[in-house]
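In case you want the letters, here they are:
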Amino acid sequence: MQTITFDRYDLALLDAVQRDGSATNATLGASVNLSASQISRRLQRLGESGLIAGYAALLDPVAIGLGVTAFAHVVLERHGTAQSDAFENAVSAMPEVMECYSVTGDADYFLRIVAPDLQAFSELMMKRVLRLPGVAHIKSNIALQKVKQTHVLPLDHLAQPSRPRRQQIRFVTD
């Protein structure tokens, strides 16, 4: 079990870097009232602890020709480790599948899929996803309009006033 201790500066830094991962240490430092060298040390520590999983440029799917976003609810024929592993490995290899979640409820998996157009989406579903071993059926929904999409995780629950100034997060590491 690893313990990570962080303070209000770390929380402010995590919030700032989520909003602009390309900001310089000087810019981040100005926003949280720390020096660039302090920002550098804190970012390294937060990265090493696993709180910062990585950095990426967020591309606009429509601007690069991926105008269709769909959500698919997948039900498997059987529920077993081998069948689930096979399905998960297959969808992990499909670049059009942006997210895959094992879920509770009427479906076994929930997928977010992007495609250039409806024809490409149809071909993906009919020729690849529906033919995966173990898939019983799929129900999909096409997004008509993006109302909200964010990559910024809420951090308010970590900064409750009733808690001590320094926080500890405990999680199991491999």
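Residues numbered from 1 in each chain as written. Predicted model: local features only at pLDDT ≥ 70, side-chain atom pairs only at ≥ 80, totals over all residues. Heavy atoms only, no water.

1. Considerations on unusual backbone geometry
- In this structure, Asn33 is a non-glycine residue whose phi angle is positive, near 65°.
- Considering the arrangement of structural elements, one finds Asn33 in the loop between α2 (25-32) and α3 (36-49). (Helix = DSSP H or I, 4+ residues; strand = E, 2+ residues; numbered from the N terminus.)

2. Quick notes on the packing of aromatic side chains
- Overall, the coordinates contain 2 aromatic pairs when judged by the stated rule.
- Aromatic side chains Phe71 and Phe110 sit 5.8 Å apart centroid to centroid with 10° between the ring planes, which places their arrangement in the stacked category. Placement of Phe71 in strand β2 (residues 68-76) and of Phe110 in strand β4 (residues 109-115) is noted, with a sequence separation of 39 residues between them.
- Centre to centre, the rings of Phe87 and Tyr109 are 4.6 Å apart; their planes meet at 40°, and the pair counts as tilted. Remark: Tyr109 occurs in strand β4 and Phe87 occurs in helix α4 (residues 81-92); sequence separation between them is 22 residues. There is no split in this pair, since Phe87 and Tyr109 are both buried. (Phe/Tyr/Trp six-rings, centres within 6.5 Å; stacked < 30°, edge-to-face > 60°. Buried < 20%, exposed > 50% of the residue type's maximum accessible area, 1.4 Å probe, protein only.)

3. Considering the sheet that holds β4
- Here 4 strands make up an open sheet; going across it, the order is β3-β4-β2-β5 and the pairing antiparallel. Pairing within the sheet leaves two strands with one partner each, and these edge strands are β3 (97-102) and β5 (135-142). Across the sheet, the mean angle from the axis of one strand to that of its neighbour is 20°, orientation sign disregarded.
- Bridging between β3 and β4 involves 5 bridges; their strand directions are antiparallel. (Pairing = 2+ DSSP bridges. Axes fitted to C-alpha atoms, helices over the stretch in contact; angles between N-to-C directions.)

4. As for the packing of helix α1 (residues 8-19) against α3
- It is the contact of α1 with α3, at a shortest axis distance of 11 Å, that shows an interaxial angle of 80°. Between α1 and α3, the angle falls in the class roughly perpendicular. The residues of α3 that touch α1, namely those facing Tyr9, Asp10, Leu13, Leu14 and Val17, are Ile39, Arg42, Leu43, Arg45 and Leu46.
- Partitioning the contact of α1 with α3 into residue classes produces 7 nonpolar, no polar and 3 charged. (Parallel < 35°, antiparallel > 145°, perpendicular 65-115°, else oblique. Contact = heavy atoms within 4.5 Å. Nonpolar A, V, L, I, M, F, W, Y, C, P; charged D, E, K, R; others polar.)

Note that all results are geometric; they support no functional claim without further evidence.
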